[in-house]
Amino acid sequence: MAFLDKLFKKKIEGKTVEEWYGLAVAETDPEKKIEYFDKVLALKPDFAGAWNLRGLEFVVLKRYEEAIASFDKALEIRPGYPEARYNKEDAETELRKIRAAETPVEGNKEGSSET
């Protein structure tokens, strides 16, 4: 029976997926939350909800490419996952805004004069 317990209750650093998930949800520091979700996902890589929540923490940190990658993983696991789809769209919108702000607009160069 101990074999089955090990099989169904895999652990990392002495904690199960449920324990790591509980820590992640209760944590307030986004970096720590990501660290805990990484432990959850190491134990249960097909947990779409954890991928989605991990992505949200990257959004909080304004690390949109990493957020999008997490949302993509959630959608790969659960293609019809509406929250992950909406979250991905929001992250892509924020990333587009940042890139647009960083790109100089033609015709708006310093030294040009219009009369």
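Just so we're clear, the structure is a prediction, and the values are computed from it rather than from any experiment.

1. A few points about helix H6 (residues 82-102)
Okay, step 1: Across its 21 residues, H6 extends 30 Å between first and last C-alpha, which sits within 8% of the 30 Å expected from 1.5 Å per residue.
Okay, step 2: For H6, the complete set of buried residues consists of Ala 84, Asn 87, Ala 91 and Leu 95. The buried residues of H6 all sit within an arc of 70° when viewed along its axis, so they share a single face. Along H6, exposed side chains directed more than 90 degrees from the buried face belong to Tyr 86, Asp 90, Arg 96, Ala 100 and Ala 101.
Okay, step 3: Each element contacted by the buried residues of H6 is listed here: helix H4 (48-60) and helix H5 (64-77).

2. Section: the nonpolar core
Okay, step 1: By size, the foremost hydrophobic cluster in this structure holds 15 residues, and its most contacted members are Trp 20, Val 40, Ala 50, Ala 74, Tyr 81 and Ala 84.
Okay, step 2: Listed by contribution, the elements that provide at least two residues to this core are helix H2 (17-26), helix H3 (30-43), H4 and H5.
Okay, step 3: Sort the elements by how many residues they give to this core and H3 lands first, with five residues.
Okay, step 4: Contact partners of Ala 74, with chain neighbours within four places excluded, come to Ala 48, Trp 51, Asn 52, Tyr 81 and Ala 84.

3. Quick word on the packing of H5 against H6
Two measures define how a pair of helices packs: the angle their axes make with one another and the distance between the axes.
Okay, step 1: It is the contact of H5 with H6, at a shortest axis distance of 9 Å, that shows an interaxial angle of 155°. In terms of orientation, H5 and H6 fall into the roughly antiparallel class. The way H5 lies across H6 gives a crossing that is left-handed. Contacts from Tyr 64, Glu 65, Ala 67, Ile 68, Phe 71, Asp 72, Ala 74 and Leu 75 in H5 reach Ala 84, Arg 85, Asn 87, Lys 88, Ala 91, Glu 92, Glu 94, Leu 95, Ile 98 and Arg 99 in H6.

4. Details of the packing of H2 against H3
Okay, step 1: For the pair H2 and H3, the least separation of the axes is 8 Å and the interaxial angle reads 160°. Here H2 is positioned roughly antiparallel relative to H3, judged by the angle of their axes. Considering the relative orientation of H2 and H3, their crossing is left-handed. Counting all contacts with H2, which are made through Val 17, Trp 20, Tyr 21, Leu 23, Ala 24 and Val 25, the residues of H3 involved are Lys 33, Tyr 36, Phe 37, Lys 39, Val 40 and Leu 43.

5. A short note on H5
Okay, step 1: Here H5 is 14 residues long and its end C-alpha atoms lie 20 Å apart, about the 20 Å a rise of 1.5 Å per residue gives.
Okay, step 2: Buried within H5 are the following residues: Tyr 64, Ala 67, Ile 68, Ser 70, Phe 71, Ala 74 and Leu 75. Seen from one end, H5 has its buried residues packed into an arc of 160°, which puts them on one side.
Okay, step 3: Of the surrounding elements, those touching the buried residues of H5 are H4 and H6.

6. Notes on the confidence of the model for the protein
Okay, step 1: Predicted confidence across the protein gives a mean pLDDT of 89, with 83% of residues reaching 70 or more.
Okay, step 2: Scored below 50 in pLDDT, residues 111-115 makes one contact in the model with residues more than four places away or belonging to other chains.

7. Digging into the packing of aromatic side chains
Okay, step 1: One pass over the full model with this rule turns up three aromatic pairs.
Okay, step 2: Summarising the aromatic geometry, the rings of Tyr 21 and Phe 47 are spaced 5.4 Å apart at their centres and angled 25° between planes, so their arrangement reads as stacked. Of this pair, Tyr 21 sits in helix H2 while Phe 47 is found in the loop between H3 and H4, placing the two residues 26 residues apart along the sequence.
Okay, step 3: Note on Phe 47: relative accessible area 25%, which makes it partly exposed.
Okay, step 4: Three or more aromatic residues joined by ring pairs form one cluster here, namely Tyr 21, Phe 37 and Phe 47.
Okay, step 5: The aromatic ring of Trp 20 is capped on one face by Lys 15, whose charged end is 5.2 Å from the ring centroid.
Okay, step 6: Looking at Lys 39, its charged tip hangs above the ring of Trp 20, at a distance of 5.5 Å from the centre.

Calculation criteria
Residues numbered from 1 in each chain as written. Predicted model: local features only at pLDDT ≥ 70, side-chain atom pairs only at ≥ 80, totals over all residues. Heavy atoms only, no water. Helix = DSSP H or I, 4+ residues; strand = E, 2+ residues; numbered from the N terminus. Expected span 1.5 Å × (residues − 1). Buried < 20%, exposed > 50% of the residue type's maximum accessible area, 1.4 Å probe, protein only. Arc of directions from axis to C-beta. Contact = heavy atoms within 4.5 Å. Core = buried A, V, L, I, M, F, W, Y, C linked by side-chain atoms within 4.5 Å. Axes fitted to C-alpha atoms, helices over the stretch in contact; angles between N-to-C directions. Parallel < 35°, antiparallel > 145°, perpendicular 65-115°, else oblique. Left-handed = near helix turned anticlockwise from the far one by under 90°. pLDDT = per-residue confidence, 0-100. Phe/Tyr/Trp six-rings, centres within 6.5 Å; stacked < 30°, edge-to-face > 60°. Lys NZ or Arg CZ within 6 Å of the ring centre and 35° of its normal.

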